[in-house]
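Structure assessment
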Amino acid sequence: MDFICFITCWVYSPSFMHYYQNKIKLAIIGQSLFGQEVYSNLRNQGHKVVGVFTVPDKDGKADPLAVAAEKDGTPVFKFPRWRVKGKPIPEVVEAYKAVGAELNVLPFCSQFIPMNIIDHPKHGSIIYHPSILPRHRGASAINWTLIHGDKKAGFTVFWADDGLDTGPILLQRECAVEPSDTVDTLYNRFLFPEGIKAMVESVQLIADGKAPRVPQTEEGASYEGIQKKSNSKVNLAQPAEAIHNWIRGHDKVPGAWTVIDGQSVTLYGSSMLGGSVPDGQVLEIEGASQPGLVTKNGLVLYGTDGKALLVKSLQFEDGKMIPASKYFSSGETSSVELTDDEKKMAKEIRNIWKGILSNVPVIEDTTDFFKSGAASMDVVRLVEEVKQKCADVQLQNEDVYMATTFQDFIQLFVRKLRGEDQEEELVIDYATKEVNNMTVKMPYQCFINGKFEDAENGKTYDTINPTDGSVICKVSYASVGDVDQAVAAAKEAYDNGPWGRMNPRDRGSLLYRLADLMEEHQEELATIESVDSGAVYTLALKTHVGMSIQTFRYFAGWCDKIQGKTIPINQARPNRNLTFTKKEPLGVCAIVIPWNYPLMMLAWKSAACLAAGNTLVLKPAQVTPLTALKFAELSVKAGIPKGVINILPGSGGVVGQRLSEHPDIRKLGFTGSTPIGKQIMKSCALSNLKKVSLELGGKSPLIIFSDCDMDKAVRMGMSSVYFNKGENCIAAGRLFVEESIHDEFISRVVEEIKKMKIGDPLDRSTDHGPQNHKAHLDKLLEYCAIGVKEGATLVYGGRQVDRPGYFMEPTVFTDVEDHMFIAKEESFGPVMVVSKFKDGDVEGVLQRANDTEYGLASGVFTRDITKAMYVSERLEAGTVFVNTYNKTDVASPFGGFKQSGFGKDLGEDALMEYLKTKAVTVEY
């Protein structure tokens, strides 16, 4: 006997990742997005998929499983059938056997698979079935789970045999059926996502030799046939709960129906009605124990037990769908004025709708695409078929969700066809520069609501190249009015734009696309970063830009994994309670970033902000605005909706202050100095108690013990100070070196400094570029002068390099006493501040290291792991590096203690900074 299985599948992106030792060769037989997800996850676990056997392309479009496999280079076979007149097709069987599979995996298969294929592999074949077998064998298992009012739903992974869903059980999972569950919600909530995990787990159990084969019992077994429109009429002469279960068990497809006023009417959106029934108008319904009632909330139906249920939507024989509450209302259908050619096109599109919504006899203007049973794959099909008919129309999947009735869809289509609905083309007045063997194109205006425009007052300022002090270009100098416009645009985008209604996974796709565009433009971004901030190009490429790309990809992956919790609470007896939490975006967020890592600081904050679903207004540092504005350009190309991202170059005193005071901003993230952070916090509190996260100043201690790896300590100690010209928030602001190795350490550091090449940051051999801007260079020179005046020993450097630009020599101070200015204050430049500590005085050096109001980062070098762990526990800093330094990662939280601020960038913790928690308690 041949085997056939039917499953309806939904989209899921698993977040689990395990490592297993044993792997086997697999053949995936099936189709659909469910099949694609199972295939991808099995490959991610290291199993070898030797062949994918799926259905032929339809209308030139490959099945999702085929698309994924072909992209990976996996052999794909698209057989229209496996047998003819009940006999296997020899060439098909031969092609299958040639791949050498050890196990067949059938996640979803609509074809008849011969038993000589099912039994051929070493391990046989496993199949997913969406019920707790032996209950509900057959093709409409989920429908029947709801129709029968089962309290539990679930799925089974079983070994294929020659029966119909009768093979031995490998694995089962179950979940509670909620009172409001429909076929759709059960798939989305449990059966699809957990089914993917279970298929992967099942394969691994087989690979490990641990897979059970539990024979199915016939006790409690049931088999029900396929539910179709013809047999889905609801019997109203039964209790209300049975009527409710029948309706939701057919929602959305094929749709439970009854007869009202002589015509078939399909019922959607059923729920049991508790409490009193609102007033309404009586409606006679064929076969009902008593008349229905059309109320403001919907159609009330009564069961034979006198209990009531509520139906939200009705669909008529002609395909028209209405809210049940509007049954007695007479509405006029508006239409658009179309030209003759547009009418012909509308007719063709109506036929496309008819082909997709095959259960709808007539496509009316008011026919709703989704209420008629369409699902996400149907959206893709609709868009692609319409684009085939009219390639000039830029139609997106999201357009279908925004115009769900046929009439609205045609209006949207015609507007797009006429060019009336197109987004205004992005106009950019670039500043161009021939540099680094390329032409860099730099936007220089404010970016508000998807457009580059001059500041409201027309003011500009010069942004300077620190390599030679020359003007790169003039940049718009944003005003308070510009801030108000940008906040209004962000609020509109959040409240009413597509961003707020977008599926989280779609939001993640846009962020992935943005990261891809940043990668495509990484050389240009790194060049702009070097020219505008003085960053050495190789470092800009790897860190400034490279980590920015990684950050967006990391948080793009979080978009569909933001979850709340269920919480057990004391029950309000005799009733029961369910309490759960939801994580929701905050709304409009402001981000103010510094000048040392212009693009990376933008990414660290804005990627988490956007992934959480917020919109933002960002102020780059006044002296380094150009990569932020280039980022704005790329965000438009990525498809980020207008108003979601707004960039305002200008001063902190104007733009930053207004952002901190603005009543429509719900969160402000700031990286900068501690004094400014305090002012921002005060303004945020006095205005509207904005949520605030602050990454502020630091004086990070690095303790180097005599038992360290000296080579590594010298190399990493220099990096801890001179990385990115010392313009590094976690730079080691003070080094404590054990007395017995102090002189050797200093000698070797100076020796290495002399080898460093100071020069043009675009020169690939340059080690040390210019300081960010002249005012900062002047401050560093003053800092060094204070150190000398107070009695510290200037061992090396401390001077400006004799060449154009803002270059400073890498500097080393020793004999630094705890009371000195340079021992307490951050230089934020290439100044190594070194103090001795007595051999073996661990407690003493810890006390000195922690004797600071800052607590951003710290470090320790020692070969003694016990000492390293003890010191790391005692250091009062948000990050502790052991035998390394500057090792940050997008998955690891970053932020300080004490006056270095609060809140985190990076990692899951950063996401929480841009979310709020809502608790919901339900009594039942």
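Residues numbered from 1 in each chain as written. Predicted model: local features only at pLDDT ≥ 70, side-chain atom pairs only at ≥ 80, totals over all residues. Heavy atoms only, no water.

**Notes on the sheet that holds strand β31 (residues 732-738)**
In any sheet, the strands associate via hydrogen bonds between backbone groups, in a parallel or an antiparallel arrangement. Pairing is mixed across the open sheet formed by seven strands, whose spatial order is β32-β33-β34-β31-β30-β36-β37. The open sheet has two edge strands with one neighbour each: β32 (793-796) and β37 (879-882). If you compare each strand with its neighbour and ignore which way they point, the axes differ by 25° on average. Across three bridges, the pairing between strand β30 (residues 700-704) and strand β36 (residues 857-861) is parallel. Across the sheet, residue Leu-702 finds its bridge partner in β36, namely Gly-859. The sheet strands contacting helix α26 (residues 865-874) are β30, β36 and β37, and the helix crosses β37 at an angle near 165°. (Pairing = 2+ DSSP bridges. Helix = DSSP H or I, 4+ residues; strand = E, 2+ residues; numbered from the N terminus. Axes fitted to C-alpha atoms, helices over the stretch in contact; angles between N-to-C directions. Contact = heavy atoms within 4.5 Å.)

**Considerations on empty space enclosed by the protein**
For the coordinates displayed, the defined rule picks out four cavities of 30 Å³ or more. Roughly 80 Å³ of volume is contained in the largest cavity. Taken together, 14 residues make up the lining of the largest cavity; nearest its centre are Ala-731, Gly-733, Glu-826, Ser-827 and Phe-828. Tallied by class, residues from the lining of the largest cavity come to five nonpolar, seven polar and two charged. Looking at the second largest cavity, its volume works out to about 50 Å³. Lining the second largest cavity we find 15 residues, and of these Pro-701, Tyr-854, Gly-855, Ala-857 and Glu-876 sit closest to its centre. Taken together, the elements giving at least two residues each to the lining of the second largest cavity come down to β30, α25 (842-850), β35 (854-855) and β36. Class assignment of the residues belonging to the lining of the second largest cavity gives a composition of seven nonpolar, six polar and two charged. (1 Å grid on protein atoms, 1.4 Å probe; cavity = no way out; pocket = protein on both sides within 12 Å on 5 of 7 lines; lining within 4 Å. Points joined across faces, edges and corners; volume = space filled by probe spheres on them. Nonpolar A, V, L, I, M, F, W, Y, C, P; charged D, E, K, R; others polar.)

**Let's talk about the UniProt feature "site: Essential for catalytic activity" (unreviewed entry) in the protein**
Under the feature "site: Essential for catalytic activity" (unreviewed entry), the UniProt entry names Asp-165. Checked against the element boundaries, Asp-165 lands in the loop between β8 (152-159) and β9 (169-176). (UniProt positions renumbered as here; feature names shortened; annotations may be inferred.)

**Focus on the packing of helix α16 (residues 537-556) against helix α17 (residues 598-611)**
Viewed as axis vectors pointing N to C, α16 and α17 meet at an angle of 5°, and their least axial separation amounts to 8 Å. Looking at the two axes, α16 sits roughly parallel to α17. For the pair formed by α16 and α17, the contact residues are Thr-543, His-544, Val-545, Met-547, Ser-548, Thr-551, Phe-552 and Phe-555 on the first element and Pro-598, Leu-599, Met-600, Leu-602, Ala-603, Trp-604, Ser-606, Ala-607, Ala-608, Leu-610 and Ala-611 on the second. Across the contact of α16 with α17, the residue classes break down as 14 nonpolar, five polar and no charged. (Parallel < 35°, antiparallel > 145°, perpendicular 65-115°, else oblique.)

**Side note on the pairing of strand β2 (residues 48-54)**
Across the seven residues that make up β2, a large majority, six, are buried. Judged from the five bridges that link them, strand β1 (residues 25-29) and β2 form a sheet pairing that is parallel. Residue pairing in the sheet places Ile-29 in a bridge with Phe-53 of β2. Following the chain from β1 across helix α1 (residues 32-44) to the adjacent parallel β2, one finds a crossover that is right-handed. Both β2 and strand β3 (residues 76-78) contribute to a ladder of three bridges, which runs parallel. Residue Phe-53 lies in a different strand from β3, and its bridge partner there is Phe-77. (Buried < 20%, exposed > 50% of the residue type's maximum accessible area, 1.4 Å probe, protein only. Right-handed = clockwise from strand over helix to strand, strands pointing away.)

**Quick look at the side chain of Gln-216**
Mapped onto the elements, Gln-216 comes out in the loop between α6 (183-207) and α7 (240-248). A distance of 2.7 Å separates a polar side-chain atom of Gln-216 from the backbone oxygen of Gly-167. With residues near it in sequence (within four places) discarded, Gln-216 still touches Leu-133, Pro-134, Arg-137, Asp-165, Thr-166, Gly-167 and Ile-169. (Polar contact = N/O pair within 3.5 Å; in protein donor to acceptor, adjacent residues only side chain to side chain.)

**A short note on the pattern of salt bridges**
By the definition in use, this model includes 40 salt bridges. In this structure, the salt-bridge partner of Glu-843 is Arg-874, at a minimum N-O distance of 2.9 Å. Placement of Glu-843 in helix α25 and of Arg-874 in helix α26 is noted, with a sequence separation of 31 residues between them. A residue is classified by how much of its surface remains accessible, and Glu-843, at 39% relative accessible area, is partly exposed. (Salt bridge = Lys/Arg side-chain N within 4 Å of Asp/Glu carboxyl O.)

**Regarding the nonpolar core**
Within the largest apolar cluster, 107 residues are counted, with the highest numbers of intra-cluster contacts made by Met-518, Phe-552, Ile-704, Leu-735, Phe-745 and Met-832. In terms of residues, this core owes the most to one element, α17, which gives 11 residues. Non-local contacts of Phe-552, meaning those with residues more than four positions away in its chain, are made with Leu-511, Leu-514, Ala-515, Met-518, Leu-602, Ala-603, Ser-606, Ala-607, Leu-610 and Phe-631. Counting residues in hydrophobic clusters, the runner-up holds 40 residues, among them Val-105, Tyr-128, Leu-171 and Ala-198. (Core = buried A, V, L, I, M, F, W, Y, C linked by side-chain atoms within 4.5 Å.)

**A short note on the sheet that holds strand β24 (residues 577-585)**
On the basis of which strands lie adjacent, the open sheet formed by three strands has the order β23-β24-β40 and antiparallel pairing. Unpaired on one side and paired on the other, β23 (566-567) and β40 (915-923) mark the two borders of the sheet. Taken together, the two bridges between β23 and β24 define a ladder with antiparallel strand orientation. Along β24, the bridge assignment pairs Ile-567 with Thr-579.

**Topic: the domain arrangement of the protein**
According to the domain assignment, the protein contains domain 1 (25-208), domain 2 (229-329), domain 3 (340-418), domain 4 (430-695) and domain 5 (701-899). Measuring from the centre of the C-alpha atoms in domain 2 to the corresponding centre in domain 5 gives 74 Å. (Domains from an automatic or database assignment.)

**Some remarks on helix α18 (residues 626-638)**
The end-to-end C-alpha separation of α18 is 19 Å, in line with the 18 Å expected for 13 residues at 1.5 Å each. Burial runs high along α18: 11 of the 13 residues are buried. Of all the positions in α18, only Leu-626, Thr-627, Ala-628, Leu-629, Lys-630, Phe-631, Ala-632, Glu-633, Leu-634, Ser-635 and Ala-638 are classed as buried. Positioned one or two residues after α18, Gly-639 has a phi angle of 95°, which is positive. (Expected span 1.5 Å × (residues − 1).)

**Observations concerning the environment of Leu-191**
Inspection of the secondary structure assignment puts Leu-191 in helix α6. For the pair formed by Leu-191 and Thr-217, sequence separation is 26 residues and the distance between their alpha carbons is 23 Å. Here Leu-191 is in contact with Tyr-128, Ile-142, Gly-154, Phe-155 and Leu-186, once residues within four sequence places are set aside.

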